[in-house]
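Descriptive structure summary
Next come the chains, spelled out residue by residue.
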Amino acid sequence: MANDMYPGEVARRHRWPVTVGAALGGCALVAASTAPAAAHGEGGGRTTRYVALGDSYTSGPGIPQQVDANCARSDHNYPSIVAAEGAVTAFKDVSCSGATTENMWKPQGTNDAQLNALDRHTDLVTLQIGGNDVGFGSIIATCARLGSQEPVGDPCRRYYSSSGFDQLTVNIAQTAPKVDRVLRAVHARAPHARVVVVGYPDLLPDDGSGCFPSVPFASQDFPYLRDTEQRLNLVLRLVAAWNRAQYVDTYRPTVGHDMCKAPADRWIEPLQPASPAAPAHPNARGEAAMARAVLESLGSGRGRG
């Protein structure tokens, strides 16, 4: 879409896939050497018009109070907390459960194309997208089914590698240009905005341990799926940097509060939630933790849980 490009974009598009490919082949090296990007168009001490874009990890399905049944959007999701605690005077949350990068341009039921919420007066944009493009929902369902049949070993990894390569790594690589296109469109429609890409929180134990049958994945598929999520977050970080956007890490602040933890300690609900939330999604405490990470990145210093 020509209207969503900015100068120099054509040459950059030829170079950045090489960076992403190198990252997927050497995650640890790139993660250690990637410096935070300066936010595009950031400024302080003025009225902030804030627009939140994203999928279900943004919208907060099941968390009271639900204010949009079509998108399963909560008024206690992280954008609402950021808007309440930050210096925000105008706020639009158009995040929607099930959203992919295509829904930035295409409506979802009664939810308009998300990019239509932006204009030249927008000051702040948060974007959390890519999980549904990779296939979070179908991956969890497939791995749970295989793990229930074979709780020891790595049937999920074998399933996604049966063609001789890891299909989930391919899915992540294919998602990178989609997120790149979204960020270019955000900059084109909101040229003065500070743009923040929000990563995904820690869903499974960071140490690679499991919790079958509470989460019915096979023992060796826990580290496989952990690594898959970390690859996605790394690619989101790199694509954000490439597009002069700021990346917010919500993985590290949520380590130790994954879906395997006891109900009192977890911020991500398992496949059978005990707190109001969608399966394998943040509960209210998880959304508050992501809000703290965003607020700290914005320099608010008021991101208390």
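See the structure shown above.
I will try to describe carefully the structure that is included in this document. Keep in mind it's a predicted model, so treat the numbers as computed, not measured.

Comments concerning the sheet that holds strand 7 (residues 246-248)
Taking strand neighbours across the sheet as the criterion, the 5 strands line up as 4-1-5-6-7 in an open arrangement whose pairing is parallel. The open sheet terminates on both sides in strands that have one partner only, identified here as strand 4 (90-93) and strand 7. Across the sheet, the mean angle from the axis of one strand to that of its neighbour is 20 degrees, orientation sign disregarded. For strand 6 (residues 194-198) and strand 7, the ladder comprises 3 bridges, and the chain directions are parallel. Looking at strand 7, one finds that Val-198 is bridged to Val-248. Sitting on the sheet, helix 4 (residues 78-85) is in contact with strand 1 (49-54), strand 4, strand 5 (124-128) and strand 6, with an inclination near 175 degrees to strand 4.

Here's the deal with the state of the cysteines
On inspection of all chains with the given rule, the structure shows 3 disulfides. Across the disulfide, Cys-71 is cross-linked to Cys-96 (sulfur-sulfur distance 2.0 Å). Residues Cys-71 and Cys-96 are joined through a disulfide that is left-handed, its torsion about the S-S bond being -85 degrees. Note that Cys-71 is positioned in the loop between strand 2 (66-68) and strand 3 (73-74) and Cys-96 in the loop between strand 4 and strand 5, a separation of 25 residues in sequence.

Section: unusual backbone geometry
When glycine is set aside, most residues are seen to have a negative phi, and most peptide bonds are trans. Cis geometry is adopted by the peptide bond preceding Gln-65, which originates at Pro-64 and carries an omega value of -10 degrees. Among the secondary structure elements, Gln-65 is positioned in the loop between helix 3 (56-59) and strand 2. Residue Pro-213 is reached from Phe-212 by a cis peptide bond, and omega for that bond is 5 degrees. Looking at where Pro-213 falls in the secondary structure, it is placed in the loop between strand 6 and helix 9 (221-242). A positive phi angle, close to 50 degrees, is found at Ala-72, a residue other than glycine. Residue placement: Ala-72 occurs in the loop between strand 2 and strand 3. With relative accessibility at 18%, the residue Ala-72 sits in the buried group. In this structure, Ala-280 is a non-glycine residue whose phi angle is positive, near 60 degrees. Mapping Ala-280 onto the fold places it in the loop between strand 7 and helix 10 (284-297). Exposure remark for Ala-280: the relative accessible area of 2% places this residue in the buried category.

A word on helix 4
Among the 8 residues that make up helix 4, 6 are buried, leaving the element largely enclosed by the rest of the structure. All buried positions along helix 4 are accounted for by Tyr-78, Pro-79, Ser-80, Ile-81, Val-82 and Ala-83.

Description of the packing of helix 8 (residues 167-189) against helix 9
At a closest axis distance of 9 Å, the pairing of helix 8 and helix 9 adopts a crossing angle of 25 degrees. When the axes of helix 8 and helix 9 are compared, the pair comes out roughly parallel. As for how helix 8 packs across helix 9, the hand of that crossing is right-handed. Residues Leu-168, Thr-169, Ile-172, Ala-176, Val-179, Asp-180 and Leu-183 of helix 8 form the contact with helix 9, whose participating residues are Tyr-224, Thr-228, Arg-231, Leu-232, Val-235, Leu-236, Val-239, Ala-240 and Trp-242.

As for the environment of Thr-110
Along the polypeptide, Thr-110 turns up in the loop between strand 4 and strand 5. Residues Thr-110 and Cys-71 lie 39 residues apart in sequence; the distance between their C-alpha atoms is 8.4 Å. A distance of 3.3 Å separates polar atoms of two side chains, one belonging to Thr-110 and the other to Asn-70.

So, the side chain of Thr-250
Tracing the chain through its elements places Thr-250 in the loop between strand 7 and helix 10. Within polar-contact distance, the side chain of Thr-250 engages the backbone oxygen of Gly-199 at 2.8 Å. Setting aside its immediate chain neighbours within four residues, Thr-250 contacts Val-198, Gly-199, Tyr-200, Pro-201, Asp-202, Met-290 and Ala-293.

Quick notes on the rules
- Residues numbered from 1 in each chain as written.
- Predicted model: local features only at pLDDT ≥ 70, side-chain atom pairs only at ≥ 80, totals over all residues.
- Heavy atoms only, no water.
- Pairing = 2+ DSSP bridges.
- Helix = DSSP H or I, 4+ residues; strand = E, 2+ residues; numbered from the N terminus.
- Axes fitted to C-alpha atoms, helices over the stretch in contact; angles between N-to-C directions.
- Contact = heavy atoms within 4.5 Å.
- Disulfide = S-S within 2.5 Å.
- Buried < 20%, exposed > 50% of the residue type's maximum accessible area, 1.4 Å probe, protein only.
- Parallel < 35°, antiparallel > 145°, perpendicular 65-115°, else oblique.
- Left-handed = near helix turned anticlockwise from the far one by under 90°.
- Polar contact = N/O pair within 3.5 Å; in protein donor to acceptor, adjacent residues only side chain to side chain.

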